[in-house]
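# Commentary on secondary and tertiary structure
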Amino acid sequence: NKKKIEGFYMKELILIRHAKSSWSNPLLEDFERPLNKRGAKNAPFMAKILKQKELNPDLIISSPSKRTKDTLEFFIKEFDYKREIIFEESIYEAPYINILKVVKNIDDKHKTIFLFGHNPGLNDLADFLLGRFEENIPTCGVLKLNFNISKWEDIKEKIGILEFFIYPKMFDKS
C-alpha cells in the first residue's frame, strides 16, 4: 500500500492554525474574536510562503470562527482560490477526533486539502497522524502531511509523513 504516484503522495493535508487573534475586547465571545495586528501581518505573509511551495488546494475546510475566517481570507486571495469552502462547526475548539472525522469524510476526488483550525485540536491531530509531533503549532503555523492512501476514509494513526512545518517566527530576521 506504500505506492507513490510519480513521486507524489496520493493525499495531502495542510493544517493551518489561525493567525494571532485579538483579546482587546473582553466582552467579545471567543468565537467572534478578530485577528490582531500581528495576525493580520502574519497571515498574508504565511500565505505567500505557502504559495511558493506550489501547492494548490482542491478543497478548503475551515472552522467558522471569526479569526479563522479572517486568516483564511488572506490565503484565498494569495491562492486566487475559487473552489469549494466548507465551514465546519465541528472543527471549532474541537478535540482532534472531531477533525479526524471531518477528514475521513472528504470526497476522494480531492487530493490537496487546506484545513484551517485551532489548537489543541490541530496539534493533537498532527501527533496522532504522525505517531509523534512534539512541537507546538504556533498561530499561523502550517504543516503539510502526506499520505499514501487513495481514500480519505483510510486515514489513520501513524501513517502521515511530515513534509514541512513552517511558522511566522522562523522567518523573523529581527
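For the structure given in this document, a descriptive report is provided here.

The rules we used
- Residues numbered from 1 in each chain as written.
- Predicted model: local features only at pLDDT ≥ 70, side-chain atom pairs only at ≥ 80, totals over all residues.
- Heavy atoms only, no water.
- Axes fitted to C-alpha atoms, helices over the stretch in contact; angles between N-to-C directions.
- Helix = DSSP H or I, 4+ residues; strand = E, 2+ residues; numbered from the N terminus.
- Left-handed = near helix turned anticlockwise from the far one by under 90°.
- Contact = heavy atoms within 4.5 Å.
- Nonpolar A, V, L, I, M, F, W, Y, C, P; charged D, E, K, R; others polar.
- Parallel < 35°, antiparallel > 145°, perpendicular 65-115°, else oblique.
- Patch = residues over 30% accessible without salt bridge, like charges linked within 9 Å, V, L, I, M, F, W, Y side chains within 5 Å.
- Areas by Shrake-Rupley, 256 points an atom, 1.4 Å probe, with all protein chains shown as cover.
- Salt bridge = Lys/Arg side-chain N within 4 Å of Asp/Glu carboxyl O.
- Lys, Arg positive; Asp, Glu negative; His and termini not counted.
- Charge placed at Lys NZ, Arg CZ, Asp CG, Glu CD.
- Buried < 20%, exposed > 50% of the residue type's maximum accessible area, 1.4 Å probe, protein only.
- Phe/Tyr/Trp six-rings, centres within 6.5 Å; stacked < 30°, edge-to-face > 60°.
- Lys NZ or Arg CZ within 6 Å of the ring centre and 35° of its normal.

### Focus: the packing of helix α1 (residues 37-51) against helix α2 (residues 66-79)
- Two elements in contact, α1 and α2, have axes separated by 9 Å at closest approach and are oriented at 35 degrees. The two elements α1 and α2 meet at a crossing, and its hand is right-handed. Across the interface between the two elements, Ala40, Ala43, Pro44, Met46, Ala47, Lys48, Leu50 and Lys51 from α1 touch Thr71, Phe74, Phe75, Glu78 and Phe79 from α2.
- Counted by class, the contact of α1 with α2 contains nine nonpolar, one polar and three charged residues.

### A closer look at the packing of helix α3 (residues 96-104) against helix α4 (residues 121-130)
- Two numbers describe how α3 lies on α4: the axes approach to 8 Å, and their chain directions differ by 70 degrees. In terms of orientation, α3 lies roughly perpendicular with respect to α4. For α3 against α4, the interelement crossing comes out right-handed. Across the interface between the two elements, Tyr96, Ile99 and Leu100 from α3 touch Gly121, Leu122, Asp124, Leu125, Phe128 and Leu129 from α4.
- For the contact of α3 with α4, the class distribution of residues is seven nonpolar, one polar and one charged.

### Structural notes on a negative patch on the surface
- Taken together, Glu84, Asp107, Asp108, Glu153 and Asp154 make up a surface patch of like negative charges.
- Within the element layout of this structure, Glu153 appears in the loop between β5 (142-147) and β6 (161-166).
- Among the residues examined, Glu153 registers a relative accessible area of 47% and is labelled partly exposed.

### Concerning the packing of aromatic side chains
- Counting across every chain of the model gives seven aromatic pairs.
- Between Phe133 and Phe165, the ring centres sit 5.2 Å apart and the planes meet at 80 degrees, which makes this aromatic pair edge-to-face. With a gap of 32 residues between them, Phe133 in the loop between α4 and β5 and Phe165 in strand β6 connect regions that are remote in the sequence. Side by side, Phe133 and Phe165 carry an identical accessibility label, which is buried.
- Aromatic pair Phe165 and Tyr167: ring centres 5.1 Å apart, planes at 45 degrees, arrangement tilted.
- Taking relative accessible area as the criterion, Tyr167 reaches 25% and is therefore assigned partly exposed.
- Members of the aromatic cluster, connected to one another through ring pairs, are Phe133, Phe165 and Tyr167.
- Looking at Arg33, its charged tip hangs above the ring of Trp23, at a distance of 3.5 Å from the centre.
- Lys69 extends its terminal NZ or CZ atom over the ring of Phe87, reaching a point 4.7 Å from the ring centre.

Structural measurements only, silent on function.
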